[in-house]
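What the coordinates show
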Amino acid sequence: MAGIHHVTAIAGRASRNLDFYTRVLGLRLVKKTVNFDDPLTWHLYFGDEAGNPGTILTFFPWEHAAPGRRGVGETSETAFRVPAVSIGHWLHRFIEHGVSHDAPAKRFGEPVLRFTDPDGTSLALVGVAGAEAEAARTGGGIPAEHAIRGFHGVTLMLGEAAPTAAILTDVLGFVAAGREGGIHRFRAEGAKAGGIVDIHEVGGFLAGRSGRGSVHHVAFRAADDEAQSAMAERLADEFRLWPTEQKDRKYFRSVYFREPGGVLFEIATDLPGFAVDEAPEALGSALQLPSFLEPDRAGIVAALVPLEPEPAGEDAS
Ligand code: ZN
């Protein structure tokens, strides 16, 4: 199965990030761990009930991160799927919770409600016909009929579409699926959640600058190690791109490469998944560490910014 595995972005205050995604958007905190490369920083994973590939948005909350700047060479929007009839419900909810949003619009014939999280991360809800028939969780008091059904996809803002398009179609399992204005759409066949990549081709424009509210990388799915190494081989043979060696991220195994448009891509295995260190019903309830960090648990816990409930009335911050 091709498609997006997860998206990782940079947040500011961890407890505000946790509050927004669980209480306002109704996602599940599926894993509470640390950044394996920077273990005194949280790594929070939000997704559906099981943390299935195609539903997982993760954050590195860096309390004092400077705001990022939108621009060329980065992911300019991350979109979630909701039933087409639910856009009005969400518009109400955003007004009630003081979430900064645009007026609903249409893209490729589907209703789109763009909004930002408290760190300025560009997000959207896309209304998808038939999504109401898919199972959903009822977090944050949101009725299941309106709940988020994983990712719709991401938009990459790039100077030139073709070099990145070739990697999407020749390596990552996407097919070209039309164009609307400057947006070229690619679709992973058979994927529901996480099946879309849009390339917004903008030519020479200001480069993005990574920071709070920026997407750090986009991860694509590989079924297993064998599929992943075949994809890495293809990148080397056909595109002269050499991914990193495989890194064990405990819940998946990953290789990384910078695609020609400047966005950091990852290829992550579907296996073993988030239930590897917690029971499915307990996902996200305790701090989980990889075995190489377990000896430092006490020091890590002492250094992490506590995840405290947000004071009321902070929605609009
Ligand atoms: Zn990742």
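No experiment lies behind these values; they were computed from the predicted model shown.

About the cut-offs
- Residues numbered from 1 in each chain as written.
- Predicted model: local features only at pLDDT ≥ 70, side-chain atom pairs only at ≥ 80, totals over all residues.
- Heavy atoms only, no water.
- Buried < 20%, exposed > 50% of the residue type's maximum accessible area, 1.4 Å probe, protein only.
- Helix = DSSP H or I, 4+ residues; strand = E, 2+ residues; numbered from the N terminus.
- Pairing = 2+ DSSP bridges.
- Axes fitted to C-alpha atoms, helices over the stretch in contact; angles between N-to-C directions.
- Parallel < 35°, antiparallel > 145°, perpendicular 65-115°, else oblique.
- Left-handed = near helix turned anticlockwise from the far one by under 90°.
- Contact = heavy atoms within 4.5 Å.
- Nonpolar A, V, L, I, M, F, W, Y, C, P; charged D, E, K, R; others polar.

1. Re the pairing of strand 5 (residues 74-83)
With ten of its ten residues buried, strand 5 lies for the most part within the structure. Inspection of the sheet shows strand 5 paired to strand 9 (residues 151-158) by six bridges, in the antiparallel sense. Looking at the pairing, Glu 74 lines up with Met 157 of strand 9. The sheet contact formed by strand 5 and strand 8 (residues 122-128) spans six bridges and is parallel. Bridging across to strand 8, Val 82 finds its partner in Gly 127.

2. Details of the packing of helix 3 (residues 162-170) against helix 4 (residues 225-239)
Axes are the key here: two packed helices are described by the angle between their axes and the distance separating the axes. Close contact between helix 3 and helix 4 brings their axes to 11 Å; oriented N to C, the two are set at 140 degrees. In terms of orientation, helix 3 and helix 4 fall into the oblique class. Here helix 3 and helix 4 pass one another in a crossing that is right-handed. In this structure, helix 3 contributes Ala 166, Ile 167 and Asp 170 to the contact, and helix 4 contributes Arg 234, Leu 235, Glu 238 and Phe 239. Split into classes, the residues belonging to the contact of helix 3 with helix 4 amount to four nonpolar, no polar and three charged.

3. Thoughts on unusual backbone geometry
The omega torsion across Leu 271 and Pro 272 is 5 degrees, close enough to zero to call that bond cis. For Pro 272, the position within the fold is in the loop between strand 16 (264-269) and helix 5 (297-303). Despite not being glycine, Phe 108 has its phi angle at roughly 50 degrees, a positive value. In this structure, Phe 108 sits in the loop between strand 6 (105-107) and strand 7 (110-116). Taking the relative accessible area as the measure of exposure, Phe 108 reaches 22% and is therefore partly exposed. We note that Arg 240 has phi near 55 degrees; this positive angle belongs to a residue other than glycine. Tracing the sequence through the fold places Arg 240 in the loop between helix 4 and strand 14 (247-248).

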